[in-house]
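So the chains spell out like this:
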Amino acid sequence: MHASLPIPALVASHAGIWRADAQGISGAISRNEAVRRLADTPHLLLNAPQLAARLGLAEASGMDLLELWAFVQPARFLVPSAGGLAEALGVEAPGHGGAEAAFLQQAAARLLEQAGTRDWWAKAGAADSLDRLHRKGWLWADALGERVGGGRAPSLFEALPEWTDAPPRPAPTLMRFGETEVLQTLSGLAGSRREPREGQKAFAVAALTAFQPRESRDGPNLVVAEAGTGIGKTLGYLAPASLYAVETGGAVWLSTFTRALQRQLKAEAARSLPALVQAGLVVVRKGRENYLCLLNLEDALQGAFAGRPAIFAELAARWARFSADGDMVGGDLPGWLPGLFRRGSALPALTDRRGECIRAACPHFRRCFIERSVREGAKASLVIANHALVMANAVRARAEGQGMGRIVFDEGHHLHAAADSAFSIALTGGEAIELRRWLLGPDRPSRGAGLRRGLAALLMDVTSYDGPGGTALEEVLDAATLLPSAEWLSRVGAGEPEGPIEGLVAAIRTHVLTHAADEERGFSLETAVTALPPGLPEAADAASAALSRMARAMLTLKSRLLEIAEERPEWLDQPGIARLGAAAEGLQLRLDQLGAWQRLLARLGGEAEADFVDWFALVRAEGREIDCGILRHWLDPLKPLAGAVLTPAQGVLVTSATLGEPPEAAAGAAHLAVQPHVFRVKSPFDYARQARVWIATDVDRRDMASLAHAYATLIEAAGGGTLGLFTAIARLRAVHARLTDRMARAGLPLFAQHVDAVDTGTLVDLFRADPKATLFGTDALRDGVDVPGDSLRLLLFEGVPWSRPTILHSARRAALGGSAYEDMLVKHRLAQAFGRLIRSSQDRGGFVLLGPSVPSRLLGAFPPDVPVRRAPLAEVAAELSAFLAPRDCAVGEPPLGQVDIRGAAADP
C-alpha cells in the first residue's frame, strides 16, 4: 500500500502521541501540541472518542477512519485498531507510534480508492446518502464526493424486501429415534473436520431423550447434561435437534444467555448444516429492542436527529441497506459504531426499546426487520434465541394455543438469572413512563413524529368510524395522563411530583434516602418494605386508584376492539383488522402489567407473601439517579419458569459445563412432576498439564497500591494475554489508572470495561486480536468471553467474588441454605471464570486469586486434577512465568504437583 491521503494524521496511546503531517513525515509530539493541532486542522483519526480520552478531552473532532469504513464497507466486521484495519484491507500491519500515524493516511487512501471503483459492492444508495451527509457537515463527504459517482437508486424504504406470511406450521410427526441415527447424524455434522469424540457421542445420545415422544402428560422429557469444556456440546445437541427437526417437521429453540454464544451457534450451523441454513430454516431471533425500527430511522433522517446523531442515522441507513437482519445489538452493525457518536445515545432511539411500535399501522410494516424476524422464526426448523425471549415467547405462545415443544437451554447455569429478570415486577417511574409512551407516544415529538406513535395512531380507523370505540380510546388516553411524563425524575428529586404515580415514587425516594445505608457512595440504595412512614400508604392508595381507573378503561377498549374485529364492518379492511388485533394483544399485556402492579401495592398494607421478596429501591448509575420504585422478585425464580416454560414443553435439554451440585437443581427440576434424566461427562482436557491455580497470599485488595502492583507484576510475568476480573468498578478503575503508563512502557496494551469508550464486544475483539494485550472487566466478562489460544493465558481475580448483601440475596440465603448457599454461588462463579482459561487442548494458562483469605472449601470449584498452591506474590509470578514459557525453553515443570492445598483440614 503506497498511496497516502495528504491529510495529517494523529494517534495516541498510553505510550505517547504521534503525528504524521500531510507529506507523511511523522514524529512524537506533546499533548498540548496535539490538542492545538487538532483544533486548527481536521486530522485523520482512528476511534475519536478513545483518542479524546487519551488526550484528556471531552471529545475530539476529525476524520475518523471508522466512520469511513462504515460508509465504504457497511455491515462488515472490523476490529477497530490499526492492526484490525490492516488485516481487513489485506496489507501488512503497521508498527506503533509514527508508523501507525502514517498508516492511517495509507488506509484512508485505500478505502477511498475502493469507493471509486466501478465494481464497488456497496455502491447502491451511496450517492444519495453522501448528498445528505454533505449537507450535515460530515468531514468525509468532500473526499468521497470526488470518487463516488452519481446515479440514483431506490430509497432504503423501497429497496428492502417485503416479508411474506406463511401458513401455520403443521404439528410435528410423532417419531422415536435410535442411538444409531443420532450418531450417524453427529458424524455427518462433524464431516471431515474432526472425528466425534467419545464424550461427545455419549452427550448426543443422552440429549436425544429430549427429542423423543413425551414420556408423561405431567411434564417434558427433561434432560440435564453437565458436560465439561471441550466435549463439543454444540454439535452434541445439534445432532439430535437437527435430526428431530428434519424428520418430524417440528421446530427446536436453541437458547443461549450470551450474544457471543449466539454468534458461535450461527457460525457452527452454517458449517455443519449448510442445507438448512441456505433454505432459511436456521434463524436467529432476538427481542424487538435489538432491531432497527424503520419508522424511527425515517424520523431521524427527516430531522428528529441533529448534529452528530444525524450523521449516525445516515450511517445506520447505509448499514440497513446491506444488513442481513437489521440486528443493531450483536448483529452485523459494528459494535463500535454507536460509540463514535456521544457514547451511543442515538442507538436506542432507532430501536423499539420504548414499545411504541404501531405494527400494521406503520408505513414500513411490510419491510420491517422485526416482523420479518418473527415470520422467519415461525418457519424455521432451528431458532437460535436467548433465554429471556424464550421465556417471554413461551408464555405468549401458550396463551395463543401454540407450543414451544422442544427447547435446548445452553449456558443452562444462567437459567436462574434469566428467570429472575423475566418473572420479576417493577413498579417504578421508569417502567410507568414506558407505559405512558406506549399509550400516548413520545413525550417530545419532533417534526410531527409523535403523530405516528401511540395507541391513537394504531387505532386511527376506530377513532374515525366507531363511536363507542373512539370513546373508550379517549378514556384510556385520558387515564394515561396520570402516569409520569417527561422530566419526572427531576420533579421527584425536587419534591414536586405531578400525579399519583410520581407522588408514590417521591414518597418511596424520601423513605429510601432516610433509611438506606449508603456504604458505597453513588451505588443504588434499597430498603425493606416495612415500617412505612406516614404518607407512603396514602400515596400507594392514590396510585392504586389511578391504576384501577386505567385498567377499567383499557379493558373496555380491548373488549370493543374484539367486537369490531368480529363484526368486520365495511370500513375495516384486512390491514385494519390486523391493527385491531395488535392493539388488543398489546392492551392485554399492559392489563397483566397493571394487575401485577396493583397486587404489589396491595401488599404494602398487608403481610409479605412467602414466594416473593419485595423492596424499595433508588437506582443509581455512575452516581446519578435513574429510577425509583418498588421491586418484586420470586424467592426461587425457577418455580415460575417450571410452570410457564418447562411443563408445557414436550422436551427440554438444559446443559452447561458447570451446572452446580446437584445439576438438576439449576434446571428447576424440583418444581416439576417428572424426573429428569441426568447426564455428566468430564472435560477431555488435561488440566494437570495445561493449567495451574495460585493464591497470592500477601496482597490486600483494599490497598490500591498493593493491588495495582500485584496486577502489574503478574501481567508482566505472563507477557500480557491476561483477563483481569474485578468485583467492583471502583477498584477496576483505580488499578487501571495506576497501570496505564507502566503497561504502555512495557509494550503491553491495556483495555478496560467502564474506562475505554468502546463497547464490551469490541473490547473482547481487541483483546483477542493481540496476544500481548490485557483486558480488565467485571461480571459480564466472567461468562461472555471465548478466547482460545495464546491471547488468554492468565486469568487474574482480585479476590473471592462474594455476593453483595442485598435484600434479595439475604432473603434467598436465609431460605436456601445460609452459608452453604453462598459457597455454592461463589464456587460457581470461580468455576465459570476458570472455564474461560482453557478452551482447546493446546491452551495453557494460569488462574490467580489475590488475597490471603481464600477458604479452602471453595477450591472445589476447580477441576480436581489442576494443581492449586498458596504462595507469596513474588513466587507466584516466578512460577507463572516458568509455567507459561515455551516448552523448549522452560526448564522442567514448576514444583506445583507436589503441593495441592485443597486437602487442608481447616479454612483460613
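Keep in mind that this is a model prediction, so the values were computed, not measured. (Residues numbered from 1 in each chain as written. Predicted model: local features only at pLDDT ≥ 70, side-chain atom pairs only at ≥ 80, totals over all residues. Heavy atoms only, no water.)

**A look at helix α15 (residues 308-322)**
Okay, so step 1: Under the 1.5 Å per step criterion, the end-to-end length of α15 is 22 Å for 15 residues, consistent within 8% with the ideal 21 Å.
Okay, so step 2: The buried fraction of α15 is high, at twelve of 15 residues.
Okay, so step 3: Along α15, the positions that sit buried rather than exposed are P309, A310, I311, F312, A313, E314, L315, A316, A317, R318, W319 and A320.
Okay, so step 4: As for α15, its buried residues are in contact with α3 (65-72), α6 (126-135), α8 (156-159), α14 (294-304) and α16 (369-379). (Helix = DSSP H or I, 4+ residues; strand = E, 2+ residues; numbered from the N terminus. Expected span 1.5 Å × (residues − 1). Buried < 20%, exposed > 50% of the residue type's maximum accessible area, 1.4 Å probe, protein only. Contact = heavy atoms within 4.5 Å.)

**Things to note about the pattern of salt bridges**
Okay, so step 1: All chains considered together, the criterion is met by 39 salt bridges.
Okay, so step 2: The salt bridge partner of D700 is R702, with a shortest N-O separation of 3.1 Å.
Okay, so step 3: As a salt-bridge pair, E716 and R742 come within 2.9 Å of each other at their nearest N and O atoms. A residue pair is termed long-range when its members are at least 10 positions apart, and E716 in helix α29 (residues 704-718) and R742 in helix α30 (residues 729-745) qualify at 26 residues.
Okay, so step 4: Take E716: its relative accessible area is 32%, and that puts it in the partly exposed class.
Okay, so step 5: For R742, a relative accessible area of 28% corresponds to the partly exposed category.
Okay, so step 6: Linked through salt bridges whose partners overlap, the residues forming this network are D165, R288, D352, E371 and R375. (Salt bridge = Lys/Arg side-chain N within 4 Å of Asp/Glu carboxyl O.)

**What about the sheet that holds strand β20 (residues 774-777)?**
Okay, so step 1: Pairing is parallel across the open sheet formed by seven strands, whose spatial order is β19-β20-β18-β21-β22-β17-β23. Strands at the two margins of the open sheet, each flanked by one partner only, are β19 (750-752) and β23 (868-871). Sheet twist, expressed as the mean angle between neighbouring strand axes with direction ignored, is 20 degrees.
Okay, so step 2: When strand β21 (residues 794-797) meets strand β22 (residues 845-850), the two strands line up parallel, connected through four bridges. Paired with L794 across the bridge in β22 is G846.
Okay, so step 3: Running at roughly 175 degrees to β21, α29 makes contact with β18 (722-725), β20, β21 and β22 of the sheet. (Pairing = 2+ DSSP bridges. Axes fitted to C-alpha atoms, helices over the stretch in contact; angles between N-to-C directions.)

**Focus: the sheet that holds strand β14 (residues 624-634)**
Okay, so step 1: The sheet built from four strands is open, its strands ordered β11-β14-β13-β12 with antiparallel pairing. Because the sheet does not close on itself, it has two edges, and the strands there are β11 (425-428) and β12 (525-528). Taking the axes of each pair of neighbouring strands and ignoring which way they run, one obtains an average angle of 25 degrees across the sheet.
Okay, so step 2: Strand direction decides the pairing type here: strand β13 (residues 612-621) and β14, joined by ten bridges, are antiparallel. Bridging from a neighbouring strand, F612 pairs with W634 of β14.
Okay, so step 3: Strand contacts of helix α19 (residues 429-440): β11 and β14, with the helix running at about 85 degrees to β11, the strand carrying the most contacts.

**Looking at the pairing of β18**
Okay, so step 1: Going residue by residue along β18, you find T722 and G724 tucked away on one face and L723 and L725 tucked away on the opposite face as well.
Okay, so step 2: Bridging between β18 and β21 involves four bridges; their strand directions are parallel. If you follow G724 over to β21, its bridge partner there is L796.

**Comments concerning the confidence of the model for the protein chain**
Okay, so step 1: Mean pLDDT over the protein chain: 88, with 94% of residues reaching 70 or higher.
Okay, so step 2: The low-confidence segment residues 888-899, where pLDDT is below 50, has 18 contacts with residues more than four positions distant or belonging to other chains.
Okay, so step 3: pLDDT under 50 marks residues 902-908. Its contacts with residues more than four places away, or in other chains, come to 18 contacts. (pLDDT = per-residue confidence, 0-100.)

**Notes on the packing of α3 against helix α5 (residues 98-115)**
Okay, so step 1: Where α3 meets α5, the closest approach of the two axes is 10 Å, and the angle between their N-to-C directions is 20 degrees. When the axis of α3 is compared with that of α5, the two are roughly parallel. Of the two possible hands of crossing, α3 and α5 adopt the one that is left-handed. Facing L65, L68, W69 and V72 of α3, the residues of α5 in contact are L104, A107, A108, L111, L112, Q114 and A115.
Okay, so step 2: By residue class, the composition of the contact of α3 with α5 is ten nonpolar, one polar and no charged. (Parallel < 35°, antiparallel > 145°, perpendicular 65-115°, else oblique. Left-handed = near helix turned anticlockwise from the far one by under 90°. Nonpolar A, V, L, I, M, F, W, Y, C, P; charged D, E, K, R; others polar.)

**Topic: the environment of I384**
Okay, so step 1: Secondary-structure assignment places I384 in strand β9 (residues 382-386).
Okay, so step 2: When residues no more than four places from it in sequence are discounted, the contact partners of I384 are L254, Q262, L265, K266, V282, V283, V284 and R285.

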